[in-house]
Amino acid sequence: MKFDKPAETNPIDNEKVVSQPTPRIEGPLKVTGTATYAYEQDKGLKNVAYGYIVGSAIAKGTIENIDISKAQRAPGVLNILTYKTIGSLGKAGRNNAHLLAGPNIEHYHQAMALVVAETFEQARSAANLIHVKYKRSHGQYSLVKNIDSSVRPERITGGPAYTSVGDFDGAFSNADVTLDQTYGTSGHAHAMMEPPASVAIWEDNKLTIYTSHQMINWALKDIATTLNMPIENIRVNSPFIGGGFGGKLFVRADAMFAALAARATKRPVKVTMTRPFMFNNMPHRAATIQRVRIGTDKAGKITAIGHENWSGDINAKKSEAGVRPTRMLYAGANRMTEARIANLNLAEANAMRAPGEAPGSMVLEVAMDEMAETLGMDPIDFRILNDTQVVGENPDKPFSQRRLKECLQRGAREFGWRDRPKTPGETREGDWLIGMGVAAAFRNAPVQNSAARVKLTRGGAVIVETDMTDIGTGSYTIIGQTAAEMLGVPLSQVTVRLGDSDSPVSAGSGGQWGAASSTSGVYAACLKLREKIAEVAGLDPKTADFVDASISDASNSYPLRDIAKEHGELTAEDTVEFGDLQKQFQVSSFGSHFIEVGVHVVTGEVRLRRMLAVAEAGRILNPTSARNQMIGAMTMGAGAALMEDLVVDEKVGFFVNHDLAGYEVPVHADIPQQQVIFLEDEDPKSSPVKAKGVGELGICGVGAAIANAVYNATGVRVRQYPITLDKLI
Ligand code: MOS
């Protein structure tokens with residue numbers, strides 16, 4: 001079906017199953033350890049071999065010689081793959097760095113060899129016997145030191161690298177009140193629970209690969225390109241995924257090597273990355289330096305707003321798009337934004353949960369707080385004064401729906417914002433200074449075409465098949481709920497099969513488009529199936545109702561089970577194709593974050609005391625899994641604000657803290673009670689199911705709200721994240 005005009009009233013609106021708080025249907029498999037993740041997909045396979053990846057020990061240079069002879073003679077070794085033995089590979093377009101090093105080396109721990117052996121331990125042990133002679137060359141590793149050589153790329157995610165509206169410089173220099181500040185955000189690692197892992201099987205020129213991947217169809221295409229093989233000969237399967245956050249959007253070395261090794265050894269091959277290897281091998285969220293300038297009139301109306309963002313990547317390829325929120329979020333006639341990128345020889349910089357918006361809002365929303373203070377305004381009043389129903393830099397483009405003001409006001413009421421300390425440092429409980437902070441949450445809610453197949457089986461059960469993934473987000477459940485709602489059956493009667501490239505191509509999990517897009521695809525397929533069922537039942541599909549596992553009209557009612565028994569299995573497949581609505585309207589989700597912190601007067605330790613988010617994201621398809629998405633993202637935002645920091649060793653050119661001992665993420669003890677409120681809503685311009693994305697919204701703004709709360713508690717404005725105690729004492 002084509003979605004090119006706002007959704008009308010449809011069966012989803014009944015909300016008998018959809019929008020009901022529903023525990024995840026695959027939950028029992030996960031908590032009993034019976035959900036099969038990629039590395040466990042060797043059940044029933046014989047002769048499985050194990051691969052161990054060897055990464056480059058230098059950051060930039062060439063391999064002069066790679067001596068594998070000793071390793072080849074080690075016990076259990078079956079094969080060793082290097083650039084010399086593999087031959088030429090195609091380059092998958094989605095990665096910024098090559099998956100395979102040699103002879104050139106682009107970054108530290110770039111995959112250089114795979115040792116294949118009878119056991120994992122043998123492969124790992126033999127890997128230590130590979131001797132490499134490198135020729136090092138000079139690399140650039142520091143963003144600060146290389147900012148002068150940065151360039152303006154042509155494009156960043158979602159737009160040009162430079163935008164200008166009106167006369168920013170003139171308006172800024174004539175503004176009554178101004179702010180000009182520079183901030184820094186640190187590099188972040190996805191550090192998802194399940195490291196990348198793959199099991200590859202070759203049979204008669206056909207490759208089956210179980211791998212942990214967010215986007216099945218991208219994986220299919222990229223594996224085909226990398227291995228120079230026809231797409232029809234590849235099957236990718238990824239039914240369970242232990243987190244992705246953007247780190248599993250693209251094919252990684254484990255998948256490439258597993259496939260190549262399975263072909264070379266004619267055995268199934270398992271490859272995983274070790275935790276210490278992931279950090280320098282996989283993409284990361286680039287560190288940024290961001291300068292924000294805001295000019296207002298005396299009343300606080302923004303007359304000029306400018307945002308510049310610097311980040312680094314291999315060969316200056318991928319910019320972190322931190323300027324994105326500033327392009328849209330607030331009104332103001334004169335504006336400029338620019339992203340610049342420096343060449344850094346670190347692991348590739350790429351998308352991580354709310355790329356652009358997450359680090360951008362960590363800065364913009366602090367600048368807004370600083371500006372409000374200079375103006376002597378409440379930070380909420382200042383934001384509401386500059387609220388807009390049209391895109392900031394493009395007043396011709398309205399938001400499909402925007403209730404930011406309500407999110408701020410509702411949150412203020414619930415949180416007790418009125419009682420916040422009016423001057424920084426004024427409230428103290430024992431040795432703790434107490435402060436509150438607020439920030440707006442804003443993240444675009446794009447959509448992607450998405451297909452599904454729905455079956456009514458002979459036994460009257462419903463099966464949904466789509467290559468959509470569930471990266472821990474709840475896709476299984478909302479897809480099941482959608483089908484149950486559409487066909488009038490209980491959720492327990494629906495089986496959902498995800499992550500298999502043999503199923504229709506879905507939106508996949510990325511850019512917080514997964515939920516709205518994939519359920520819309522299921523909705524479209526179910527509409528078709530309803531027509532088929534009505535046809536065989538001899539009812540008019542336009543007036544037929546699907547309730548109580550039956551199809552009925554005013555005079556007849558037939559149980560679906562009877563129809564299936566009589567007419568056999570019925571199958572329908574369809575794709576939702578999104579038309580121009582997203583061009584006419586800016587579809588985004590909105591929210592607010594409220595944070596209370598305590599800062600220890602002696603040690604400077606920051607403790608989160610309360611977290612509240614209010615969100616507006618159209619229809620909430622499942623309040624349980626949506627809340628889950630929000631609190632996970634809020635936790636990640638707290639990590640970015642207070643602890644997460646990929647520290648670069650500038651001599652070697654790598655991230656020093658490359659495991660979960662050195663790269664700190666929040667643990668339960670770091671996170672207090674988290675409250676989440678969803679505004680009841682539908683956004684008919686967003687998608688047929690009237691939902692928008694929520695998975696990345698929750699991380700946007702939470703870091704700034706924490707920074708603002710720390711300032712409110714202490715009077716110390718930390719402009720370089722993470723806000724560690726050394727910066728407060
Ligand atoms: Mo998201 S960073 O597009 O997985």
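For the structure, see preceding data.
Residues numbered from 1 in each chain as written. Predicted model: local features only at pLDDT ≥ 70, side-chain atom pairs only at ≥ 80, totals over all residues. Heavy atoms only, no water.

Student: Let's hear about the pattern of salt bridges: which residues, and what values?
Tutor: Counted under the stated rule, the structure contains 46 salt bridges. For Glu 64, the salt bridge goes to Lys 133, with nearest N and O atoms at 3.3 Å. With Glu 64 in strand β3 (residues 61-67) and Lys 133 in strand β7 (residues 131-136), the pair connects residues that are 69 residues apart, well separated along the chain. The exposure class of Glu 64 is partly exposed, given its relative accessible area of 42%. Across the pair Glu 308 and Arg 293 runs a salt bridge whose closest N-O atoms are separated by 3.1 Å. Here Glu 308, found in strand β17 (residues 302-313), pairs with Arg 293, found in strand β16 (residues 288-296); they are 15 residues apart in sequence, far enough to count as distant. The same class applies to Glu 308 as to Arg 293, namely buried. Several salt bridges converge on common partners, so that one network encompasses Asp 13, Glu 15, Arg 619, Glu 682 and Lys 690. (Salt bridge = Lys/Arg side-chain N within 4 Å of Asp/Glu carboxyl O. Helix = DSSP H or I, 4+ residues; strand = E, 2+ residues; numbered from the N terminus. Buried < 20%, exposed > 50% of the residue type's maximum accessible area, 1.4 Å probe, protein only.)

Student: Lay out unusual backbone geometry in plain terms, naming residues and giving numbers.
Tutor: Cis geometry marks the peptide bond from Gly 102 to Pro 103, where omega comes out at -10°. As for its position among the elements, Pro 103 is in the loop between α3 (83-86) and β5 (104-105). Between Tyr 721 and the following residue, Pro 722, the backbone shows a cis peptide bond with an omega angle of -5°. For Pro 722, the position within the fold is in the segment after α18 (702-714). Even without glycine at this site, Asn 315 takes up a positive phi of about 55°. Looking at where Asn 315 falls in the secondary structure, it is placed in the loop between β17 and α9 (324-328). What makes Asn 315 partly exposed here is its relative accessible area of 46%. Located in the positive-phi region is Ala 549, a residue other than glycine, with phi close to 55°. Along the polypeptide, Ala 549 turns up in the loop between β26 (545-547) and β27 (550-552).

Student: I'd like to hear about the sheet that holds β27, residue by residue, with values.
Tutor: With antiparallel pairing, three strands are arranged side by side in an open sheet as β26-β27-β28. Single-partner strands in this sheet number two, and they are β26 and β28 (557-559). Ignoring which end each strand starts from, the neighbouring axes of this sheet average 25° apart. Pairing of β27 with β28, which is carried by three bridges, proceeds in the antiparallel orientation. Across the sheet, Ser 550 pairs through a bridge with Pro 559, a residue of β28. (Pairing = 2+ DSSP bridges. Axes fitted to C-alpha atoms, helices over the stretch in contact; angles between N-to-C directions.)

Student: Go over the nonpolar core with me, naming the residues and quoting the values.
Tutor: Formed by 80 residues in total, the largest nonpolar core has its most connected members in Ile 53, Val 115, Ile 130, Leu 207 and Phe 257. Per-element accounting of this core gives the leading share, nine residues, to helix α7 (residues 253-265). When residues of this core are assigned to domains, at least three map to each of domain 2 (38-138 + 195-272) and domain 3 (399-445 + 587-729). Leaving out residues up to four positions away in the same chain, Ile 53 has contacts with Ala 111, Ala 113, Leu 114, Ala 253, Asp 254, Phe 257, Val 271, Thr 272, Met 273 and Phe 277. Ranked by size, the runner-up nonpolar core spans 78 residues in total, among them Ile 302, Val 438, Leu 679 and Val 710. (Core = buried A, V, L, I, M, F, W, Y, C linked by side-chain atoms within 4.5 Å. Domains from an automatic or database assignment. Contact = heavy atoms within 4.5 Å.)

Student: I'd like a rundown of empty space enclosed by the protein, residues and numbers included.
Tutor: Tallied over the entire structure, the rule returns six cavities of 30 Å³ or more. Estimated volume of the largest cavity: approximately 70 Å³. Every residue lining the largest cavity is listed: Ala 189, His 190, Ala 191, Met 192, Met 278, Phe 279, Met 282, Pro 283, His 284 and Leu 646. Space inside the second largest cavity adds up to approximately 60 Å³. What lines the second largest cavity is Ala 97, His 98, Leu 99, His 107, Gln 110, Ala 111, Arg 252, Ala 253, Asn 281 and Glu 348. Along the lines of polarity and charge, the residues of the lining of the second largest cavity split into four nonpolar, four polar and two charged. (1 Å grid on protein atoms, 1.4 Å probe; cavity = no way out; pocket = protein on both sides within 12 Å on 5 of 7 lines; lining within 4 Å. Points joined across faces, edges and corners; volume = space filled by probe spheres on them. Nonpolar A, V, L, I, M, F, W, Y, C, P; charged D, E, K, R; others polar.)

Student: Which residues make up the layout of surface pockets, and what values go with them?
Tutor: Taken as a whole, the second largest pocket holds about 470 Å³ of empty space. Considering the residues around the second largest pocket, the lining is formed by 31 residues, among which Leu 143, Val 144, Ala 287, Leu 646 and Val 648 are closest to the centre. Mapped by element, the contributors of at least two residues to the lining of the second largest pocket are β11 (177-185), β16 and β17. The greatest single-element share of the lining of the second largest pocket, amounting to four residues, is contributed by β11. Residues of the lining of the second largest pocket, tallied by class, amount to 17 nonpolar, 10 polar and four charged.

Student: Help me get a handle on the packing of aromatic side chains, residues and values and all.
Tutor: Within this structure, the stated rule accounts for 14 aromatic pairs. Centre to centre, the rings of Tyr 52 and Phe 120 are 5.7 Å apart; their planes meet at 70°, and the pair counts as edge-to-face. Placement of the pair is Tyr 52 in strand β2 (residues 49-55) and Phe 120 in helix α4 (residues 120-127), with a sequence separation of 68 residues. Classification of Phe 120 as buried rests on a relative accessible area of 19%. Here Trp 417 and Phe 594 contribute two aromatic rings whose centre-to-centre distance is 5.7 Å and whose plane-to-plane angle is 80°, an arrangement assigned as edge-to-face. In this pair, Trp 417 sits in the loop between α12 (404-415) and β21 (428-429) while Phe 594 sits in strand β30 (residues 588-600), placing the two residues 177 residues apart along the sequence. Just as Trp 417 is buried, Phe 594 falls in that class too. A cation sits over an aromatic face here: Arg 152 above Tyr 162, 4.2 Å from the ring centre. Lying across the ring of Phe 172, Arg 293 places its NZ or CZ 5.8 Å from the centre. (Phe/Tyr/Trp six-rings, centres within 6.5 Å; stacked < 30°, edge-to-face > 60°. Lys NZ or Arg CZ within 6 Å of the ring centre and 35° of its normal.)

Student: Describe the environment of Glu 338, and please don't skip the residues or the numbers.
Tutor: Inspection of the secondary structure puts Glu 338 in strand β18 (residues 334-343). With a relative accessible area of 9%, Glu 338 lands in the buried category. Linking Glu 338 and Ser 492, residues 154 residues apart in sequence, is a C-alpha distance of 51 Å. When neighbours within four sequence positions are excluded, Glu 338 is seen to be in contact with Arg 152, Ala 161, Tyr 162, His 307, Glu 308, Asn 309 and Val 323. Looking at Glu 338, its side chain comes within polar contact range of the side chain of Arg 340, at 3.1 Å. (Polar contact = N/O pair within 3.5 Å; in protein donor to acceptor, adjacent residues only side chain to side chain.)

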